[in-house]
Structure formats: C-alpha cells, structure tokens
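Analysis of the macromolecular model
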Amino acid sequence: MEITKTLGEFIIEKQADYPDATGELSSIFSSIRLAAKIVHREINKAGLADITGAVGNENIQGEQQQKLDVIANDKFKAALAARGVVCGLASEEEDCYVHFDDDRSKFGKYVVLIDPLDGSSNIDVNVSVGTIFSVYRRLSPMGEPVTEADFLQPGDQQVAAGYVIYGSSTMLVYSTGNGVHGFTYDPSLGIFCLSHENMCYPENGTIYSVNEGNYVHFHDGVKQYIKYCQMEDAKTNRPYTSRYIGSLVSDFHRNLIKGGIFLYPASSLHPTGKLRLLYECNPMAFLAEQAGGVAISGVESRTLELEPSELHQRVPFFVGSKNMVNKLERFLREFT
Ligand SMILES: O=P(O)(O)OC[C@H]1O[C@](O)(COP(=O)(O)O)[C@@H](O)[C@@H]1O
Ligand SMILES: [Mg+2]
Ligand SMILES: [Mg+2]
C-alpha cells in the first residue's frame, strides 16, 4: 500500500473540522505518538532479561506489576506531562490520580486516563499487547489542582479515546468523535502512516471472544449466549469461531476488523466484572460506537452512560458488532 498520509498530517487536516480548535488536543496525540514509539521499541525486546517479568510490587488492583507495566506508565506519563496541555493523569498503575502542577500544565485543559500496558499476562509469552487512553476536558477551574471529579466523568463525555496495539505491527487507533482511524507504524521511517481510515464493525460477525475457562462461573444469560454461538445453524453462520487472546486491545481490534463480539461478564469469580470502567471499557466503548458497534455492561446498560464512582472500578463489558451484542442483550434479559 502506498504511504499516503502520516498521523501528524491527518490530525492537522482533521483539526480544520473544528473551527475553535486550539491545537491542544493535537498536542496530546503527539505525546501519545512519541510514548508509543518508545514502548514499541521496549516491547520488541520483551524476552530479554532486563524488561521481562515482575517488578515485585502489587498495584492497587492487587496485581503483580510487570516491568513493562511500569516502563510504559513512566513513558506515557512523562510524554503527557511535557506539553503543558494535560493537567492530570489517572492510570491503572497509579493508586491515585496524578496532578501535573508545573506552571504550564496546571492551566492545561485536559485530563487523561490510561491503561499503559494492556494484556500484561501476555508480555512474556510474545503475544500482542496494547496501551489504552481516554481524554476528557477538566471540570475543575484552570490553575487549580485537579480533583477526582475530573476523572469520574461518564464515558459519553470523552473528547478522544484510542489504543496502541503492539502486535505483528504496531498500530495506533483513535477517535475524536469523528470516526475511527488506524495508523500503522513504519519503524524504518519512524512514522505512523494512515492505513485504516474510517474503521467500521461489520453489523454481523462470526467470532466470539470470552475466557471459556470461567464458563461455570457465568450467569445463565451468558452461558445460554455461548451455547447459541456454538450451535449448528448454517443460515446464521453458526457455529461461530471462538477466538480469545487475553489482551482486551487485541481481541477488540480483531473483532472490529472481522466482526465479532467480546465478553468479559460479571461472574462468581469477578462479581462486578474484571475490566476497569475508566481506562479500559469507556475508551473501547467510545471507539466501538464510533465504528457502528455496540458496548453494554448489562441489560439496558449502555457503558458510556454509566456514572463512575471510583477510579479503578470494574464493570461487566460486552462489545462488538451491533447485531451480535443486541442478541446477547436479549439472552441476558431472558435469563437474568
Ligand atoms: O485472563 P483473563 O481473566 O481472561 O483476563 C484477560 C483480560 O485481562 C486484561 O489482561 C486486563 O488488563 P491488564 O493486563 O491491563 O491488567 C485484559 O487485557 C484482558 O481482556
Ligand atoms: Mg488492561
Ligand atoms: Mg494494564
């Protein structure tokens, strides 16, 4: 494919769609682009002793922090703090939100929430992982310290969201509410090139992604839907194919391109689900809806309308092709 446009050029071009744009949001994308290149370089060395394995600390979620969790967190935090447009950050790897109080940043208009390294359990086994980000306008007055309220905004208030996937190639996929666009990193040129403009879910798909190892712990509605996916019916292309990587970004990315549904339900193992609302589910739900898909956290529970109550809260999450998620919701309604 001919290289047509770089990420930087595309962002400037799109900025013209927003007459009041000041370039601050574009500056956040420059930070993310830079940090993504650095983390790409580190991940490509995963397997070498100095960046493999755990650091020996637990994060607030009680999970063993991997070295790359910490490296990615530091790189994204530093890049986002360096441009004076972000006044605060919340991260999976930080117990509490961080206030950027240098003279420029404290007048920054935006707060950013990140999952610096998604799919940590796959780092050491050479399976694709990602970074997830979400951007909001601050609610607190300019110049004042950020508060938790700046971060506990419902997902439909996001001004931008996206992910970086570090797989067979590294890609950055984002939306500012004007479609979903993907850029593939060319390490030899050191640039992200437009490769997937206006990404859209197929309305129907034939892939379902769920950790079936937890099947016995699932509620009936989910069990019945999984059975439905596995039943023989040529008219509806069933049985569907089961694909589960165990990295949310990678499972989401595949299903976005091919059509499919991803499920991480609540269960007796994870009573409120496992995935974090603020820096995993909301950004992916924002992208999904921008790509014509659907994202719910239960019956009549649009993920983007959930009112957050805690920085690291977990919620059930079902996302994917419109007709598949709507079908699942009918099962949840019927069997719950
Ligand atoms: O191993 P499980 O229980 O199926 O969970 C896999 C899920 O957990 C996660 O790894 C959680 O994310 P982190 O790696 O960022 O903590 C998701 O990427 C993935 O979808
Ligand atoms: Mg994650
Ligand atoms: Mg993570």
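Counting from 1, residues in each chain are numbered in the order their sequence is written. Lettering for chains starts from A, numbering for ligands starts from 1, and both go in the order in which the items are written. With pLDDT at 70 or above as the cut-off, local features in this predicted model cover only qualifying residues; side-chain atom pairs require 80 or more to be listed or tallied, and sums for whole chains, interfaces and linings still use all residues. The basis for every side-chain value is the complete set of non-hydrogen atoms in the structure, without hydrogens or water.

**Considerations on the site of ligand 1**
Taken together, 18 residues sit near ligand 1, with D118, N211, Y244, L248 and Y264 positioned nearest. A distance of 2.7 Å is found between an oxygen atom of ligand 1 and a side-chain nitrogen or oxygen belonging to D118. Definition of a polar contact: a pair of N or O atoms within 3.5 Å, with one able to donate and the other able to accept a hydrogen when the atoms are protein atoms, and with sequence-neighbouring residues admitted only if both atoms are side-chain atoms. Here R276 contributes a side-chain N or O atom positioned 2.9 Å from an oxygen atom of ligand 1. Residue-level accessible areas treat just the shown protein chains as cover; the underlying method is Shrake-Rupley with a 1.4 Å probe. In isolation ligand 1 has 470 Å² of accessible area, and contact with the protein removes 88% of it. Mapped by element, the contributors of at least two residues to the shell around ligand 1 are β5 (110–118) and β13 (261–264). No other element matches β5, which puts three residues into the shell around ligand 1. Under the scheme applied here, ten amino acids are nonpolar (Ala, Val, Leu, Ile, Met, Phe, Trp, Tyr, Cys and Pro), four are charged (Asp, Glu, Lys and Arg), and all others, including Gly, are polar. Looking at the shell around ligand 1, its residues break down into six nonpolar, five polar and seven charged. Split by domain, the shell around ligand 1 shows at least three residues from each of two domains, domain 1 (7–196) and domain 2 (207–335). When we say a residue is near a molecule or strand, we mean one of its heavy atoms is within 4 Å of it. Under the DSSP-based scheme used, a helix requires at least four consecutive residues in state H or I and a strand at least two consecutive residues in state E, with every element numbered from the N terminus. As annotated, the domain borders come from an automatic or database domain assignment.

**Details of the coordination of the magnesium ion (ligand 3)**
Those donors, E92 (OE), D115 (OD) and L117 (O), are the protein atoms that reach the magnesium ion (ligand 3), and they lie 2.0 to 2.2 Å from it. Note: metal donors comprise N, O and S atoms at 2.8 Å or less from the metal (3.2 Å for Na, K and Ca); water molecules are not included, so apparent gaps in a site are possible. Ordering the donors of the magnesium ion (ligand 3) by residue number gives the pattern E-x22-D-x1-L. Separating the magnesium ion (ligand 3) from the magnesium ion (ligand 2) is a distance of 3.7 Å, and D115 supplies a donor atom to each of them. Linking E92 in the loop between β3 (86–91) and β4 (98–99) with L117 in strand β5, this pair joins segments that are 25 residues apart in sequence. Across this residue pair, the class does not change: E92 and L117 are buried. Only protein chains enter the accessibility calculation, which uses a 1.4 Å probe; a residue is then buried when its area is under 20% of its type maximum, exposed when over 50%, and partly exposed in between.

**Description of the domain arrangement of the protein**
Quite often, the size of an interface is put as the accessible area lost when its parts meet. Each assigned domain of the protein is listed here: domain 1 (7–196) and domain 2 (207–335). Centre-to-centre, using C-alpha coordinates, domain 1 lies 24 Å away from domain 2. Residue contacts are counted whenever heavy atoms from the two residues lie within 4.5 Å of one another. Contact residues are listed per partner, giving 51 residues for domain 1 and 32 residues for domain 2. Its salt-bridge partner being E63, residue R276 comes within 3.5 Å of it at the nearest N-O pair. Where domain 1 touches domain 2, the interface holds 19 residue pairs in polar contact (both at pLDDT 80 or more). Secondary-structure elements contributing two or more residues to the side of domain 1 that touches domain 2 are β3, β5, β6 (129–137), β7 (160–166) and β8 (170–175). At seven residues, the largest contribution of residues to the side of domain 1 that touches domain 2 is made by β6. For the side of domain 1 that touches domain 2, a count of residues per class yields 24 nonpolar, 19 polar and eight charged. Any carboxyl oxygen of Asp or Glu within 4 Å of a side-chain nitrogen of Lys or Arg constitutes a salt bridge here.

**Some remarks on the packing of helix α4 (residues 220–230) against helix α7 (residues 322–335)**
Only the contacting stretch of a helix is used when fitting its axis, a line to C-alpha atoms as for every element, and angles between N-to-C directions run 0 to 180 degrees. The interhelical angle for the contact between α4 and α7, taken along N-to-C directions, is 135°, at an axis separation of 8 Å. When the axis of α4 is compared with that of α7, the two are oblique. Considering the relative orientation of α4 and α7, their crossing is right-handed. Residues D220, G221, V222, Q224, Y225 and Y228 of α4 touch α7, and the partners they reach there are M324, K327, L328, F331, L332 and F335. In terms of residue class, the contact of α4 with α7 is built from eight nonpolar, two polar and two charged. For classification, angles of less than 35 degrees are called roughly parallel, those exceeding 145 degrees roughly antiparallel, those between 65 and 115 degrees roughly perpendicular, and all remaining angles oblique. By definition, turning the near helix anticlockwise from the far helix through less than a right angle yields a left-handed crossing, and turning it clockwise yields a right-handed one.

**So, the pattern of salt bridges**
Applying the stated criterion across every chain, the model contains 17 salt bridges. A salt bridge links K5 to E13; the shortest N-O distance between them is 3.3 Å. Taking relative accessible area as the criterion, E13 reaches 42% and is therefore assigned partly exposed. Across the pair E305 and R302 runs a salt bridge, and its minimum N-O distance is 2.8 Å.

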